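# Descriptive analysis of the structure
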Amino acid sequence: MPRFILGRLGQALLVIFVAYTVAFLLLYALPSDPISLLLGTDAGDVTEAQRAELAAQYGFDQPLIVQYWHHLTSLLTGDLGFSVQQSRDVVAILLSAIGPTLQLAAFAFVLALVFGLGLGLWAAGTRTSWLSQILLGLPSLGVSIPAFWFGLVLIQLFSFRWQIFPAFNAEGLAGLILPAATLALPTGAMVAQVFARSLINVQRQPFATTARSKGAGHRYVLLRHVSRNALLPVLTITGLVVGQLFSGTVVTETVFSRPGLGRVIASAVTSQDIPVVLGAVLIGALLYTLTNLVVDLIYPLIDPRLRASIGARSNARRRKSASPAGASGAAVAASPDTVSLQPGEVSSDAETDFAVKATHA
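What comes next concerns the included structure. (Residues numbered from 1 in each chain as written. Predicted model: local features only at pLDDT ≥ 70, side-chain atom pairs only at ≥ 80, totals over all residues. Heavy atoms only, no water.)

Not every positive phi belongs to a glycine, and Gln163 is a case in point at roughly 55 degrees. Among the structural elements, Gln163 can be located in the loop between helix H7 (147-161) and helix H8 (172-203). Residue classification places Gln163 among the exposed residues on the basis of a relative accessible area of 64%. Look at Ser257: it is not a glycine, yet its phi comes out positive at around 55 degrees. With respect to the helices and strands, the residue Ser257 is situated in the loop between helix H11 (238-255) and helix H12 (261-270). Judged by relative accessible area, which is 26%, Ser257 ranks as partly exposed. (Helix = DSSP H or I, 4+ residues; strand = E, 2+ residues; numbered from the N terminus. Buried < 20%, exposed > 50% of the residue type's maximum accessible area, 1.4 Å probe, protein only.)

This is the structure in structure tokens:
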């Protein structure tokens, strides 16, 4: 297990590094001048000497590799740079904006799970074939609906026509409901699609047939036995769900005029405020990788097959390392698909031997 955890940590760090590097290269490849964007309408009144002075002040006159190394070394010390457009420290900008975004994303995540799991159970549990087909088609419809269009429809109905919820820049729970529902629709549809298909497949497994043959009702088998096993694929896509929620805040916060990280990102991309965009990319990569890391660490605790596989590989490595190298006629060559013992060596753990053999089979 320690080797498994360290491997996942290394993969997470690699993903963060690659995301930061790719974002840096793409931003600097844009055909625009950050000095002109900084000056705005006053760019025509500035001399070339003043432009050169500004470029030297913000480091834009350095070669690309030097600028990248400067950003990377500053990142390792916790310094994300200085916003050219807002004349503020990037860390302060992101910290002031991330609170409302996390609040919105967390509420949307709960709504997505309730909607997705509920719809999946309904679609897989109903005995009416036509209703099941309709319910199974709803997730595809939910994924294909543009989030900005759905948000505008909610504003038109619940804010302007019925006046139930506030439309723009509202605080409190009432101001969260419509943006969270907009953000949760595609995410909940994805969860429902995966969960419903998983439920249908698990219901065909022998253990479910055995439970029904012993007299257990359809609902009891579905809720008590089938649903727990069908939740594993939903856990797998949690990382994708978090990434979709984070990216969806850009559109949702813009439509509903909410303060947050999404609007900061949209403004920074428009003005090519590179330090702010890189900081936002770093936060997104951290959220995505941390979520997937937690999922990877939880999975062995839920799925006993994965625990057995990790234990079998660990035992195989220990036995291979314990074999005396170079013993004439005694050492048995161990291939990646076999576990070898020395002549006369007997395993003291029969269950482990069985798990090893079953895993390699």
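Between the first and last C-alpha of helix H6 (residues 129-144) there are 24 Å, a value that for 16 residues agrees with the 22 Å anticipated at 1.5 Å per step. Looking at the buried side of H6, the elements it contacts are helix H5 (90-125) and H8. (Expected span 1.5 Å × (residues − 1). Contact = heavy atoms within 4.5 Å.)

The next subject is the packing of aromatic side chains. Applying the stated criterion across every chain, the model contains 3 aromatic pairs. Their ring planes at 80 degrees and their centres at 5.3 Å tell us that Phe158 and Trp162 sit as a pair that is edge-to-face. By the ring-pair criterion, three or more aromatic residues cluster together here, those being Phe158, Trp162 and Phe165. (Phe/Tyr/Trp six-rings, centres within 6.5 Å; stacked < 30°, edge-to-face > 60°.)

Right, let's get into the environment of Val18. By secondary structure assignment, the location of Val18 is in helix H1 (residues 2-28). Residue classification places Val18 among the partly exposed residues on the basis of a relative accessible area of 41%. Sequence separation of Val18 and Ala285 is 267 residues, and the distance between their C-alpha atoms is 9.5 Å.

Right, let's talk about the nonpolar core for a bit. Within the largest apolar cluster, 29 residues are counted, with the highest numbers of intra-cluster contacts made by Ala108, Leu199 and Val226. Going through the elements one at a time, H5, H6, H8, helix H9 (206-213), helix H10 (218-236) and H11 are the ones with two or more residues in this core. Among the elements that line this core, the one with the most residues is H8, at 11 residues. With 27 residues, the next largest nonpolar core counts Phe24, Ile93, Ala97 and Ile274 among its residues. (Core = buried A, V, L, I, M, F, W, Y, C linked by side-chain atoms within 4.5 Å.)

Where H8 meets H11, the closest approach of the two axes is 10 Å, and the angle between their N-to-C directions is 150 degrees. Remark: the crossing between H8 and H11 carries right-handed chirality. In this structure, H8 uses Pro179, Thr182, Leu183, Pro186, Thr187, Met190 and Val191 to contact H11, whose residues at the interface are Val241, Gln244, Leu245, Gly248, Thr249 and Thr252. Its residues assigned to classes, the contact of H8 with H11 shows 7 nonpolar, 6 polar and no charged. (Axes fitted to C-alpha atoms, helices over the stretch in contact; angles between N-to-C directions. Left-handed = near helix turned anticlockwise from the far one by under 90°. Nonpolar A, V, L, I, M, F, W, Y, C, P; charged D, E, K, R; others polar.)

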